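# Structure assessment
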Amino acid sequence: CQASPKNIAPDKLEADYIQLLEQVKVDPAVIEAARQIVMSVWKQEVDAAHARILAQANERKELERRIKEYVDLVPSAPSATVRTRYEAKIDELDAEIQTLKKTVQPTEKAPDVDEALSLTFRFLGSPAQAWIRSDTSTKLLLHKMIFEQNPVYSVASGFGSVKLTL
């Protein structure tokens, strides 16, 4: 703590801190620009995930087609050795399919990114209110998000100039 003196009443310090947070305002235009950027990135990520799922589905179909070809060859194999190789290849392809199934499992419900953004931006739009409603761990997170360095406090002058990250 960079307070001077060290025996400051916690209620006084928190009241002054809340007053400092009330001065911290994020421009609504910045919040809207950030929302648009995040939504654009989110859409790209969702599209990429769908493309990966589609590509893996196509790959799985191709592997299943190849398995079917080998299964059709097994009865006409000229020897037991060739039949064993076909069966080994079938097992190998089946293992690849099982790996693909484990790799990408589409979720039933996608997270509501718009709701998460609304909460986050509401949080940033009024940090003093967020501070008042938050538990200790959230307060620490909020503090780290807003301030580049811990603000210095003096009983006489309160918080001086602070470096913001916002």
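Heads up: these notes are all about the structure in this document.

## Overview of the overall build of the protein chain
- For the protein chain, the helix and strand inventory stands at 6 helices and 3 strands.
- Walking the protein chain from its N terminus toward its C terminus, one meets helices and strands in the order β-α-α-α-α-α-α-β-β.
- Since a compact globule built from 166 residues should have a radius of gyration of about 15 Å, the 30 Å found for the protein chain marks it as more spread out than a globular shape.
- Across its three principal axes, the protein chain shows a C-alpha extent of roughly 95 × 35 × 25 Å.
- Across the 166 residues that make up the protein chain, the buried fraction comes to 24%.
- For the protein chain, the share of sequence-separated contacts (at least 6 apart) that also reach a separation of at least 24 residues comes to 60%.
- Of the side chains in the protein chain, 22 bear a positive and 24 a negative charge, and the two mean positions are spaced by 2 Å.

## As for the packing of aromatic side chains
- In this structure the tally under the stated criterion is 5 aromatic pairs.
- For the pair Tyr17 and Trp131, a centre-to-centre distance of 4.5 Å together with 50 degrees between the ring planes defines the contact as tilted. Remark: Trp131 occurs in helix 5 (residues 127–133) and Tyr17 occurs in helix 1 (residues 10–23); sequence separation between them is 114 residues.
- On the basis of an interplanar angle of 55 degrees and a centroid distance of 5.8 Å, the ring pair of Tyr70 and Tyr86 is categorised as tilted. Taken together, the residues span a long stretch of sequence, with Tyr70 in helix 2 (residues 28–73) and Tyr86 in helix 3 (residues 80–103) at a distance of 16 residues.
- By relative accessible area, Tyr70 is classed as partly exposed at 22%.
- One aromatic cluster is present, built from ring pairs that chain together Tyr17, Trp131, Phe147, Tyr153 and Phe159.

Parameters at a glance
- Residues numbered from 1 in each chain as written.
- Predicted model: local features only at pLDDT ≥ 70, side-chain atom pairs only at ≥ 80, totals over all residues.
- Heavy atoms only, no water.
- Helix = DSSP H or I, 4+ residues; strand = E, 2+ residues; numbered from the N terminus.
- Rg over C-alpha atoms; globule rule 2.2 N^0.38 Å.
- Buried < 20%, exposed > 50% of the residue type's maximum accessible area, 1.4 Å probe, protein only.
- Contact = heavy atoms within 4.5 Å.
- Lys, Arg positive; Asp, Glu negative; His and termini not counted.
- Charge placed at Lys NZ, Arg CZ, Asp CG, Glu CD.
- Phe/Tyr/Trp six-rings, centres within 6.5 Å; stacked < 30°, edge-to-face > 60°.

Scope: geometric values only; no functional claims are made or implied.
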